[in-house]
Protein chains: 2
Amino acid sequence: MKSKKIHLSESEMPTHYYNILADMPNKPMPPLHPVTQQPLGPEDLAPLFPMELIKQEVSTERYIEIPEEVQELYKIYRPTPLIRATNLEKALGTPAKIYYKYEGVSPTGSHKPNTAIPQAYYNKMEGVTHITTETGAGQWGCALSFACQHFGIALEVYMVKLSYEHKPYRKVLMNTFGAKVIASPSNQTDSGKQILAKTPDSTGSLGIAISEAVEVAMKNDHVKYSLGSVLNHVLLHQTIIGQEAIKQLEIAGDFPDMVIAPFGGGSNFAGIAFPFLHLNLTQGKKVECIAVEPTSCPKLTKGQFRYDFGDTVGMVPLIPMYTLGHNFVPPSIHAGGLRYHGAGVIVSQLLKDKLISARAVQQSKCFEAGLLFERTEGILPAPEANHAIATVIEEALKAKETGEAKTILFNLCGHGHFDLSAYEQYLAGNLVDHDLTDAEINQALEELDSTLTVSANASLV
Amino acid sequence: MKSKKIHLSESEMPTHYYNILADMPNKPMPPLHPVTQQPLGPEDLAPLFPMELIKQEVSTERYIEIPEEVQELYKIYRPTPLIRATNLEKALGTPAKIYYKYEGVSPTGSHKPNTAIPQAYYNKMEGVTHITTETGAGQWGCALSFACQHFGIALEVYMVKLSYEHKPYRKVLMNTFGAKVIASPSNQTDSGKQILAKTPDSTGSLGIAISEAVEVAMKNDHVKYSLGSVLNHVLLHQTIIGQEAIKQLEIAGDFPDMVIAPFGGGSNFAGIAFPFLHLNLTQGKKVECIAVEPTSCPKLTKGQFRYDFGDTVGMVPLIPMYTLGHNFVPPSIHAGGLRYHGAGVIVSQLLKDKLISARAVQQSKCFEAGLLFERTEGILPAPEANHAIATVIEEALKAKETGEAKTILFNLCGHGHFDLSAYEQYLAGNLVDHDLTDAEINQALEELDSTLTVSANASLV
């Protein structure tokens, strides 16, 4: 009988991050300085990040070595298992083979430590003692709290107010690792005050929380900033997921027709998909890579490709990306990790070049899928992960119709043990969908046009 | 470099449960009927349990085969990893080697599915469609909800009110698996009403919740009952933990001087310790097996060995055990899984025969230990598990003093992601210890003497 789970030994762990910039046919356009609107130099990023991460941000080397100390800490939970969703397959009656890479075995229950560990490490190596960051659902904040605690770095987390209130346990988890957590928008920064003046009852957004965290780092020489998605070096670190999955599928004697992952800023998706895209780009493979976003925040499927700010206040560089506008505050949904107005540079370019595809799924459909997954495979998924699962189920049912024995791989990026208030609402029938209408999207994009006139715009769109 | 984690493949999973009754030098005395006080026959248990579990309860076969369907479902999370606590060792500066068996990787985050799965399976095989149970912290209730959902059995869980209120997420997790959860004591049973009449603001106890769940099963022919610890067959199922650990330590080239586990009713401890006791009893090994209980509920270290009821109302058989009295309601502490007045028959006999030892640890010391563990090893432990960790740390520091390179194994029975309100209180300095005084213990035991006169008593104590 075939194994349900495939484990790699620690000696089979990837020793390098895979950098897709080396293989992209069209390189992304450069980030621009938020004030001068000129292409950014490394010195512009130096107040925010340690030099090693800035180098990784712009590197076009295909493989970047993982420091030994980082590999050592990864071993607390890596390699993560690849699991065949045999019970889900049976329940669906599909000929499709469904595999999931389970990142929920990490200490904080999600894939985020994969980048939190190297980010904290490189900061430590360059003598940094204080870091600020933002967090949406809290997965990123918990992961960085864990990593900073390990390397003896003090951490201040600006947590989107909606999640701060809905997910109090994630806040406490950060506290157990010694981090300080502040609900965003807050009165502790000018950015926060500016938002609160306009919208006193703001539930916050990732864009706002980023502005606050960046501001603190910009204003304090001894403080650096750390981001949990979007940036090239963050996506880079996550590629250990896909690299492991390739080895594990080899052991299973399988290869995927499609790879599916939730999409917030891009690192979840990049982590599992980029190593397969490498095979597409260099070995003629044809793996379909699908990024799945919520219909309440559909930047990939309905946003515009253009230069925009990564944060709400406009403190961070302008980057070429699919966006709904940096002023756009997504509706309150339970997949807090996906409530971000834009997409990372690399992923945006890949989508523009049709090397990957994107879909949007309704919140209620996601919870329905998550519950079916739990009741068959046992694991309660994080609401973010449910976006992938809903799409996997859709594809598995398609395969049932056509009779094709497709092989589907998805990223089960985290467990939902911190998200039970959301499931409670779903079970009680109190969960409301907030699909954006075309009119709302047009309004958001028009507002963006009117507030942001980047000279390079015309040539981009 | 040696591996931090040792994984077994699914083909190396144990195929049999280990039954320590076969090897015990003194067999436990028989359970007595709660009314007639005569030794119990299988027919007395038939209203509560399926016949196959009753057979296991009294079997003296050394090995009992694990059904294939049960093994199949175990594969969702088993074998669980054995992990070397290298970072904790470093932080303590101890020459001791510390290993932990991590059962928190199960779908519900604890070791409880190990017995929930076979219990639900045997019920299913005998046509049972409805089960009742009790739960303390909620770990057992969640595990049985998962297992019953898989086998299509309806489940009703009586949850100790204290936990129902402190751990709302565990209740929701049971709901996601389709279980019905009732705060105990409730108005739905005569047992519950009886308690509420005496103590309207009762926070409940495992003993009370057992009475309620048993009553429902006794009064309804189509309903069976399921228990998450204490009973022989429950301890039996957990022995897969220790069996796996032996194989994993062999791969690591190690063998433990001591095995440490938290103690509530006995299954956690039995699960990891019994396979090592087998080596003590049959191969002359000398592994020290230490059960750790809270100072707020010290039945092993300060209770009396005698016949007592397993539940508060006196509906279940009288069993020979270490007890603080079936009327004893332990103080409100956060390790809800350890708030039980008595100990299982087998474990009690082993303790009486000095084949194992017991210790009691204060709640605050446990949280301190748990936090150190999290900050070194990354995993936030369940408050129950912290009892083992506190003892491990104590032993590791002793080894540091004496310079002995002891090898210590403990059962990290679950993660603490549902227990963050307890950690929040600990971090805020609001956690109060409730050590039982000798006077309180004497009073509890005197009350027991006055309410329960089992003829066999005198010869036992």
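Because the structure is a prediction, the values reported are computed rather than measured.

Asker: Mind laying out unusual backbone geometry, listing which residues take part and the relevant values?
Answerer: Across the junction of arginine 78 of chain A and proline 79 of chain A, the peptide omega takes the value -10°, indicating a cis bond. Topologically, proline 79 of chain A is positioned in the loop between helix H3 (68-74) and strand S4 (82-84). Notably, glutamine 37 of chain B is not glycine yet its phi reads approximately 60°, a positive angle. A relative accessible area of 23% means that glutamine 37 of chain B is categorised as partly exposed.

Asker: Got a sec to walk through the sheet that holds strand S1 (residues 5-6) of chain B? Specific residues and values, please.
Answerer: As a general point, the strands of a sheet are linked pairwise by backbone hydrogen bonds and lie either parallel or antiparallel. All names here are of chain B. What the seven strands build is an open sheet, ordered S1-S4-S5-S15-S10-S11-S14; its pairing is mixed. At either margin of the open sheet sits one strand with a lone partner, and together these are S1 and strand S14 (357-361). Pairing analysis gives three bridges linking strand S10 (residues 258-262) to strand S15 (residues 407-412), with the strands arranged parallel. If you follow isoleucine 260 over to S15, its bridge partner there is phenylalanine 410. The strands touched by helix H16 (residues 363-377) within the sheet are strand S4 (82-84), strand S5 (97-102), S14 and S15, with S14 carrying the most contacts at an inclination of about 95°.

Asker: An account of the packing of aromatic side chains is requested, with residue identities and associated values reported.
Answerer: In total, this model carries 29 aromatic pairs over all chains according to the counting rule given. On the numbers, 5.9 Å between centres and 55° between planes, the contact of phenylalanine 49 of chain A with tyrosine 225 of chain A is tilted. Taken as a pair, phenylalanine 49 of chain A in the loop between helix H1 (42-45) and helix H2 (51-58) and tyrosine 225 of chain A in strand S9 (residues 223-226) lie far apart in primary sequence, 176 residues in all. Tyrosine 225 of chain A shares its class with phenylalanine 49 of chain A; the two are buried. With centroids separated by 5.0 Å and ring planes inclined at 75°, the aromatic side chains of phenylalanine 367 of chain B and tyrosine 423 of chain B adopt a geometry described as edge-to-face. One end of the pair, phenylalanine 367 of chain B, is in helix H16; the other, tyrosine 423 of chain B, is in helix H18 (residues 420-427), and 56 residues separate them in sequence.

Asker: Give a description of the interface of chain B and chain A that names residues and reports values.
Answerer: On the side of chain A, 46 residues touch chain B, which itself brings 46 residues to the contact. Across the chain B to chain A interface the summed buried area is about 3800 Å²; carbon plus sulfur atoms make up 58%. When the buried area of chain B at its contact with chain A is split by residue, Tyr169, Thr176 and His417 of chain B rank highest and sum to 18% of it. In this structure, the connection of chain B to chain A is made through two salt bridges. One salt bridge connects lysine 5 of chain B with glutamate 10 of chain A, and the closest N-O pair in it is separated by 2.9 Å. Our enumeration of links across chain B and chain A arrives at 16 residue pairs in polar contact (both at pLDDT 80 or more). Looking at which element gives the most residues to the side of chain B that touches chain A, the answer is helix H8 (residues 168-176) of chain B, with seven residues. Residue classes in the side of chain B that touches chain A are distributed as 18 nonpolar, 15 polar and 13 charged.

Asker: Which residues make up H18 of chain B, and what values do they have?
Answerer: Those residues of H18 of chain B that sit buried are Leu420, Ser421, Ala422 and Tyr423 of chain B. Structurally, H18 of chain B contributes buried residues whose contacts are with helix H8 (168-176) of chain A together with helix H7 (161-166), H16 and helix H17 (383-402) of chain B. Of the residues trailing H18 of chain B, glycine 429 of chain B is marked for its positive phi of about 75°.

Asker: Before we move on, could you go through the relation of the copies chain B and chain A and cite the residues and values that matter?
Answerer: Overlaying chain B on chain A yields an RMSD of 0.0 Å, the required transformation being a rotation through 180° with an accompanying axial translation of 0.0 Å. Accordingly, the operation relating the two chain copies is best matched by a two-fold axis. Here 100% of the contact residues of chain B are again contact residues in chain A; the copies associate through an equivalent surface.

Asker: An account of the sheet that holds S4 of chain A is needed here, citing residue identities and associated values.
Answerer: Residue and element names in this part refer to chain A. Here seven strands make up an open sheet; going across it, the order is S1-S4-S5-S15-S10-S11-S14 and the pairing mixed. Of all strands in the sheet, those with a lone pairing partner are strand S1 (5-6) and strand S14 (357-361), marking the two edges. Pairing analysis gives five bridges linking strand S10 (residues 258-262) to strand S11 (residues 288-294), with the strands arranged parallel. Across the sheet, alanine 261 pairs through a bridge with alanine 291, a residue of S11. Contacts from helix H12 (residues 240-252) reach S1, S4, strand S5 (97-102) and strand S15 (407-412) within the one sheet, and its direction differs from that of S5 by about 140°. Lying on the sheet, helix H16 (residues 363-377) is in contact with S4, S5, S14 and S15; it crosses S14 at an angle near 95°.

Asker: Which residues make up the pattern of salt bridges, and what values go with them?
Answerer: In this structure the tally under the stated criterion is 40 salt bridges over all chains. A network of salt bridges, in which partner residues are shared, links Arg78, Lys101, Glu103 and Glu244 of chain A.

Asker: Would you mind going over the confidence of the model for chain A in detail, with residue names and values included?
Answerer: All names here are of chain A. Mean pLDDT over chain A stands at 94; residues scoring 70 or higher make up 98%. Counting contacts from residues 455-461, a segment whose pLDDT is below 50, to residues more than four positions away or on other chains yields 12 contacts. Predicted as a complex, the structure gets a pTM of 0.95 and an ipTM equal to 0.93.

Asker: Could you give me a rundown of the nonpolar core, with the residues and numbers involved?
Answerer: Tyr74, Ile117 and Leu420 of chain A together with Tyr74, Ile117 and Leu420 of chain B are the most contacted members of the largest nonpolar core, which has 92 residues in total. Those residues in contact with isoleucine 117 of chain A that sit more than four places away from it in its chain are Val70, Leu73, Tyr74, Tyr77, Phe146, Ala147 and Phe151 of chain A.

Asker: Explain the side chain of histidine 415 of chain B to me, and be specific about the residues and the numbers.
Answerer: Structurally, the position occupied by histidine 415 of chain B is in the loop between S15 and H18. A polar side-chain atom of histidine 415 of chain B sits 3.2 Å from a polar atom in the side chain of histidine 417 of chain A. Residues within four places of histidine 415 of chain B in sequence aside, it is in contact with His417 of chain A together with Tyr102, Gly104, Gly109, Arg170, Leu380, Pro381 and Ala382 of chain B.

Asker: Before we move on, could you go through the environment of leucine 281 of chain A and cite the residues and values that matter?
Answerer: All names here are of chain A. Position of leucine 281 among the secondary structure elements: in helix H13 (residues 267-283). Distance from leucine 281 to glycine 265, taken between C-alpha atoms, is 22 Å for residues 16 residues apart in sequence. Here leucine 281 is in contact with Ile20, Asp23, Pro25 and Leu355, once residues within four sequence places are set aside.

Asker: I'd like a rundown of the packing of H16 of chain A against helix H17 (residues 383-402) of chain A, residues and numbers included.
Answerer: Residue and element names in this part refer to chain A. Two elements in contact, H16 and H17, have axes separated by 8 Å at closest approach and are oriented at 85°. Comparing the axis directions of H16 and H17 gives the class roughly perpendicular. On H17, the residues that touch Lys365, Cys366, Phe367, Ala369, Gly370, Leu372 and Phe373 of H16 are Pro383, Asn386, His387, Ile389, Ala390 and Ile393. Of the residues that constitute the contact of H16 with H17, the class distribution is nine nonpolar, three polar and one charged.

Asker: Tell me about helix H5 (residues 113-125) of chain B, and please be specific about residues and values.
Answerer: Residue and element names in this part refer to chain B. An ideal rise of 1.5 Å per residue puts 18 Å on 13 residues; H5 measures up with 18 Å between its terminal C-alpha atoms. The buried fraction of H5 amounts to 11 of the 13 residues, a majority that puts the element mostly inside the structure. Among all positions in H5, only Pro113, Asn114, Thr115, Ala116, Ile117, Pro118, Gln119, Ala120, Tyr121, Tyr122 and Asn123 are buried. Just downstream of H5, glycine 127 is the residue with a positive phi angle, here 80°.

Asker: Could you give an account of the environment of cysteine 289 of chain A, naming the residues involved and the relevant values?
Answerer: Residues and elements named next belong to chain A. Position of cysteine 289 among the secondary structure elements: in strand S11. Look at cysteine 289 and you get buried, because its relative accessible area is 2%. Separated by 39 residues in sequence, cysteine 289 and glutamate 250 have C-alpha atoms that sit 18 Å apart. In this structure cysteine 289 touches Val259, Phe269, Ala273, Leu277, Ile356 and Ser357, once residues within four positions along its chain are discounted.

Asker: Break down the pairing of S5 of chain A for me, citing the residues and quoting the values.
Answerer: Note on strand geometry: in a regular strand, side chains alternate between the two faces of the sheet. Residue and element names in this part refer to chain A. When you tally the buried positions in S5, you get five out of six residues, the bulk of the element. Pairing analysis gives three bridges linking S4 to S5, with the strands arranged antiparallel. By the bridge assignment, arginine 84 is partnered in S5 with tyrosine 99. Where S5 meets S15, six bridges bridge the pair, whose relative direction is parallel. What sits directly across from tyrosine 99, in S15, is leucine 409.

Asker: An account of the environment of isoleucine 246 of chain A is requested, with residue identities and associated values reported.
Answerer: All names here are of chain A. Its place among the elements puts isoleucine 246 in helix H12. Each C-alpha atom, one on isoleucine 246 and one on threonine 199, is 47 Å from the other, the two residues being 47 residues apart in sequence. Setting aside anything within four residues of it in sequence, one finds isoleucine 246 in contact with Pro275, Phe276 and Leu279.

The rules behind the values
Counting restarts for each chain, with residues numbered from 1 along the sequence as it is written. Chains carry letters and ligands carry numbers; both start at the beginning, A for chains and 1 for ligands, and go up in the order they are written. Note on the predicted model: pLDDT of at least 70 is required for a residue's local features to be given, and 80 or more for side-chain atom pairs to be given and counted; whole-chain, interface and lining totals, by contrast, use all residues. Side-chain measures here rest on the full set of heavy atoms in the structure, leaving out hydrogens and waters. In this description a helix means any DSSP run of H or I spanning at least four residues, a strand means any run of E spanning at least two, and both kinds are numbered starting from the N terminus. In this scheme, a residue with accessible area under 20% of its type's maximum is buried, one over 50% is exposed, and one in between is partly exposed, where area comes from a 1.4 Å probe on protein chains only. Paired strands, as defined in this entry, are two strands with at least two bridges between them according to DSSP. Two residues qualify as a contact provided that any one of their heavy atoms is within 4.5 Å of a heavy atom in the partner residue. Axis definition: a line fit to C-alpha positions, over the contact stretch in the case of helices; interaxial angles, taken between N-to-C directions, run 0 to 180 degrees. Only centres within 6.5 Å qualify two rings of Phe, Tyr or Trp (six-membered ring in Trp) as a pair; their planes then separate them into stacked at under 30 degrees, edge-to-face at over 60, and tilted for everything else. Reported buried area values correspond to the accessible surface (1.4 Å probe) lost by two parts on association, with both partners' losses combined. Only one rule defines a salt bridge in this text: a Lys or Arg side-chain nitrogen within 4 Å of an Asp or Glu carboxyl oxygen. Residues adjacent in sequence count toward polar contacts only when both atoms are side-chain atoms; beyond that, a polar contact is any pair of N or O atoms within 3.5 Å, and within protein one must be able to donate a hydrogen and the other to accept it. Amino acid classes used here: Ala, Val, Leu, Ile, Met, Phe, Trp, Tyr, Cys and Pro are nonpolar; Asp, Glu, Lys and Arg are charged; the rest, including Gly, are polar. Superposing copies: least-squares fit, C-alpha atoms only, residues required to have pLDDT of at least 70 in both. A score from 0 to 100, pLDDT tells how confident the predictor is in each residue. Among buried residues, those of type Ala, Val, Leu, Ile, Met, Phe, Trp, Tyr and Cys that are joined through side-chain atoms within 4.5 Å constitute a nonpolar core. Comment on the angle field: the value is read as roughly parallel under 35 degrees, roughly antiparallel over 145, roughly perpendicular from 65 to 115, and oblique elsewhere. Expected helix span is given by 1.5 Å per residue-to-residue step, counting one fewer step than there are residues.

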